[in-house]
Amino acid sequence: MAARSIRYSAKSHVGRVRKINEDSILALPDQRIWVVADGMGGHEAGDFASQTIVDTVAVIPPDMPPAELMRALRQAIMTAHDRIHLAAETRFRSTVGSTVVALILTDTHFVAFWAGDSRIYLMRDGVISMLTTDHSVVGEFVAAGEMTWDEAEHHPQSNAITRAVGVGETLDLDKVRGEVQVGDRFLLCSDGLTKYAGFKFLEAMLADAPIETVADTLLNHALDSGGGDNVSIIVVDVPA
């Protein structure tokens, strides 16, 4: 799978309510890396946190072997954690952090890292699945079988996350990996989309929308549904 043949679309928008976009996104097709980060901490602090993640990942050089690339991405997120945590203590003097979802594609496999409640979905053979699990209060309810992910989006504590880059002395970064297939489509997004887009809607949109317009279509849906948060979307297609 040549890097230049990978097609993707990416959008980030402040939404209809917020004044500052605390989300940051990154597309590095040469390195086969895509990242969405959703900052928390208020004006300047949340933006700083998410931007620190993408800036740290952005310096990963291209043409690394897959195993080294995976280690480099994980280390970059860990480095960003330390930088954000230090700034929270010395500059902002408050809790500052960011979610992160990061995807690597190789010729045969995908690897994803995440912390927080931003998500990665996989669309394969017309069926959508969620590769990540939210590190959140409601995520624990879903894990216990008390509600579905779609129901969790409407829970009063839906925004209460339990893990974030920059929060706490150490970061517990989750990882999932698997084989890629021709025709796979990956969606990385912040909760500014998922609070308005359930599984059935995402499945329909990802099945039908062309790569050139799919991010715009999803963004417009979130904005038309209220746009109560920043919205960030990256869709990546695995080519034939």
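For the structure itself, look to the data block above.
Fair warning: this is a prediction, and the values are worked out from it, not measured in the lab.

### Observations concerning the sheet that holds strand 8 (residues 127–130)
- Spatially, 1-11-10-7-8 is the arrangement adopted by the five strands of the open sheet, whose pairing is antiparallel. Pairing within the sheet leaves two strands with one partner each, and these edge strands are strand 1 (7–13) and strand 8. For this sheet, the mean angle separating the axes of adjacent strands, direction not counted, is 15°.
- Taken together, the five bridges between strand 10 (residues 185–189) and strand 11 (residues 231–237) define a ladder with antiparallel strand orientation. Looking across to strand 11, one finds that F186 is bridged to V236.
- Those strands touched by helix 6 (residues 199–208) are strand 7 (119–124), strand 8, strand 10 and strand 11, and its axis lies near 125° from that of strand 8.

### Points about the environment of Y196
- Its place among the elements puts Y196 in the loop between helix 5 (191–194) and helix 6.
- Owing to a relative accessible area of 23%, Y196 belongs among the partly exposed residues under this scheme.
- It is 9.5 Å that separates the C-alpha atoms of Y196 and D224, two residues lying 28 residues apart in sequence.
- Leaving out residues up to four positions away in the same chain, Y196 has contacts with H221, A222, S225, G226, G227 and G228.
- Within the structure, Y196 has its side chain in polar contact with the backbone nitrogen of G228 (distance 2.8 Å).

### A few points about the packing of helix 6 against helix 7 (residues 214–224)
- Interhelical geometry of helix 6 versus helix 7 gives an angle of 150° and a closest axis separation of 10 Å. With respect to each other, helix 6 and helix 7 are oriented roughly antiparallel. For the element pair helix 6 and helix 7, the recorded crossing hand is right-handed. For the pair formed by helix 6 and helix 7, the contact residues are F201, L202, M205 and L206 on the first element and V214, T217, L218 and H221 on the second.
- A class-by-class count of the residues in the contact of helix 6 with helix 7 yields six nonpolar, two polar and no charged.

### Things to note about the layout of surface pockets
- When its volume is computed, the largest pocket comes out at roughly 200 Å³.
- Every residue lining the largest pocket is counted, 13 residues in all, and those nearest its centre are D38, G39, M40, D191 and D229.
- Ranked by residue count, the leading element in the lining of the largest pocket is strand 3 (residues 33–40), at three residues.
- Residue composition of the lining of the largest pocket, by class: two nonpolar, five polar and six charged.

### What to know about the pairing of strand 11
- Summarising burial for strand 11: seven of the seven residues are buried, a large majority.
- Taking every second residue as pointing to the same face, both faces of strand 11 are buried, with V231, I233, V235 and D237 on one and S232, I234 and V236 on the other.
- With seven bridges joining them, strand 1 and strand 11 adopt antiparallel strand pairing. Considered in strand 11, the bridge of Y8 is made with V236.

The rules behind each value
- Residues numbered from 1 in each chain as written.
- Predicted model: local features only at pLDDT ≥ 70, side-chain atom pairs only at ≥ 80, totals over all residues.
- Heavy atoms only, no water.
- Pairing = 2+ DSSP bridges.
- Helix = DSSP H or I, 4+ residues; strand = E, 2+ residues; numbered from the N terminus.
- Axes fitted to C-alpha atoms, helices over the stretch in contact; angles between N-to-C directions.
- Contact = heavy atoms within 4.5 Å.
- Buried < 20%, exposed > 50% of the residue type's maximum accessible area, 1.4 Å probe, protein only.
- Polar contact = N/O pair within 3.5 Å; in protein donor to acceptor, adjacent residues only side chain to side chain.
- Parallel < 35°, antiparallel > 145°, perpendicular 65-115°, else oblique.
- Left-handed = near helix turned anticlockwise from the far one by under 90°.
- Nonpolar A, V, L, I, M, F, W, Y, C, P; charged D, E, K, R; others polar.
- 1 Å grid on protein atoms, 1.4 Å probe; cavity = no way out; pocket = protein on both sides within 12 Å on 5 of 7 lines; lining within 4 Å.
- Points joined across faces, edges and corners; volume = space filled by probe spheres on them.

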